[in-house]
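Chain by chain, the residues:
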Amino acid sequence: GELGDVTITSLAVKVVDVANETFRVIVPDALNHRVLIWRSTTASGGRRADLAVGQPGFSQHGPNRGRPTPDRVTLSKPVAVATDNFATDPGAKVDRFAVVDAGNCRVTVYDELPASAQQQPTFEASAILGQDAPNVGTPAALPITPSQEQRLVAPSALSACPVNPSTGLNSMLLVVDRASKRLMV
């Protein structure tokens with residue numbers, strides 16, 4: 001069904017990226033299985049999100065787009081986001097971001113923001129972390145065995161930390177895997 005407009009003032013927003021005196025806001029919308037992106041907005045809000053990653057449009061809201069298994073374009077209960085936009089050069093374009101896709105026990109990584117809302121239906125993650133394949137969404141079994149040490153059980157938070165602060169173009173992704181009591185790098 002129609003979910004209506006989602007604006008900055010209608011969400012409890014965590015700003016994860018600030019660029020060139022305007023806010024770029026990336027917000028996990030777990031209940032609608034998507035990540036909302038405002039490319040540029042002011043703190044006064046009221047603007048509809050520009051993009052909805054994980055769904056073909058703003059009115060759809062099923063986990064994994066209603067499919068039985070995930071893939072590179074779907075999300076299920078995204079709960080956290082992080083960007084690696086640490087560039088100190090104001091002209092640098094760094095749009096990579098990562099999402100904790102908790103319902104699929106994985107982290108999806110995107111090398112860039114979607115170019116437009118028309119790209120939403122086919123916008124794919126460039127990398128999937130924590131699963132053996134993009135179409136797997138089950139948690140690793142506890143206790144974690146050596147053969148499953150790269151799998152996630154219940155990812156809940158992440159952060160991107162600069163490795164080279166002078167350029168900001170290299171970062172390390174830290175993922176909290178709550179159930180296995182691990183911090184994965």
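Everything that follows concerns the structure shown earlier in this document.
Think of each chain on its own: its residues are numbered from 1, step by step along the sequence as written. For a predicted model such as this one, the threshold for reporting local features is a pLDDT of at least 70, and the threshold for listing and counting side-chain atom pairs is 80 or more; totals across whole chains, interfaces and linings nevertheless cover every residue. Hydrogens and water are ignored here; the side-chain numbers use all heavy atoms of the structure.

Once that is clear, we can look at the pairing of strand E7 (residues 106–110). The buried label goes to any residue with under 20% of its type's maximum accessible area, the exposed label to any with over 50%, and the partly exposed label to all in between, with areas taken from a 1.4 Å probe on protein chains only. In this description a helix means any DSSP run of H or I spanning at least four residues, a strand means any run of E spanning at least two, and both kinds are numbered starting from the N terminus. The buried fraction of E7 amounts to five of the five residues, a majority that puts the element mostly inside the structure. Side-chain alternation along E7 places Arg106, Thr108 and Tyr110 on one buried face and Val107 and Val109 on a second face that is also buried. Whether two strands pair depends on DSSP finding at least two bridges between them. With five bridges joining them, strand E6 (residues 97–101) and E7 adopt antiparallel strand pairing. Within the sheet, the bridge partner assigned to Asp101 lies in E7 and is Arg106. In textbook terms, the turn of a hairpin is the stretch between consecutive antiparallel strands, and for E6 and E7 this stretch comprises four residues, one of which, Cys105, has a positive phi near 55°.

The next thing to look at is the nonpolar core. Among buried residues, the Ala, Val, Leu, Ile, Met, Phe, Trp, Tyr and Cys ones that are joined through side-chain atoms within 4.5 Å form a nonpolar core. In this structure, Ile26, Val35, Ile37, Val53, Phe97, Val99 and Tyr110 are the most contacted members of the largest nonpolar core, which totals 14 residues. The set of elements that each furnish at least two residues to this core consists of strand E3 (34–41), strand E4 (51–53) and E6.

With that settled, the discussion passes to the sheet that holds strand E5 (residues 78–83). The strand order E5-E6-E7-E8 describes an open sheet built from four strands, whose pairing is antiparallel. Both edges of this open sheet fall to E5 and strand E8 (127–129), since each of them pairs with a single strand only. Across the sheet, the axes of successive neighbouring strands diverge by a mean angle of 20°, strand direction being ignored. Of the strand pairs in this sheet, E7 and E8 are connected by three bridges, and their pairing is antiparallel. By the bridge assignment, Thr108 is partnered in E8 with Ile128. Axes here refer to lines fitted to C-alpha atoms; in helices the fit is confined to the stretch in contact. Angles between the N-to-C directions go from 0 to 180 degrees.

On the secondary structure map, His33 appears in the loop between strand E2 (22–29) and E3. Residue class for His33 comes out buried when judged on its relative accessible area of 8%. Not counting residues up to four positions away in its chain, the partners in contact with His33 are Gly54, Gln55, His61, Gly62, Pro63, Leu75, Ser76, Lys77 and Pro78. We call two residues contacting when some pair of their heavy atoms lies within 4.5 Å.

This part is about the packing of aromatic side chains. A pair of Phe, Tyr and Trp rings is counted when the ring centres sit within 6.5 Å of each other, with Trp represented by its six-membered ring. The angle between the planes then sorts it: under 30 degrees is stacked, over 60 is edge-to-face, the rest tilted. If you walk through the whole model with that rule in mind, you get two aromatic pairs. Residues Phe97 and Tyr110 carry aromatic rings whose centres are separated by 4.7 Å and whose planes lie at 15° to one another, so their mutual orientation is stacked. Highlighted residues: Phe97 in strand E6 and Tyr110 in strand E7, separated in sequence by 13 residues. Grouping residues by exposure puts Phe97 and Tyr110 together as buried.

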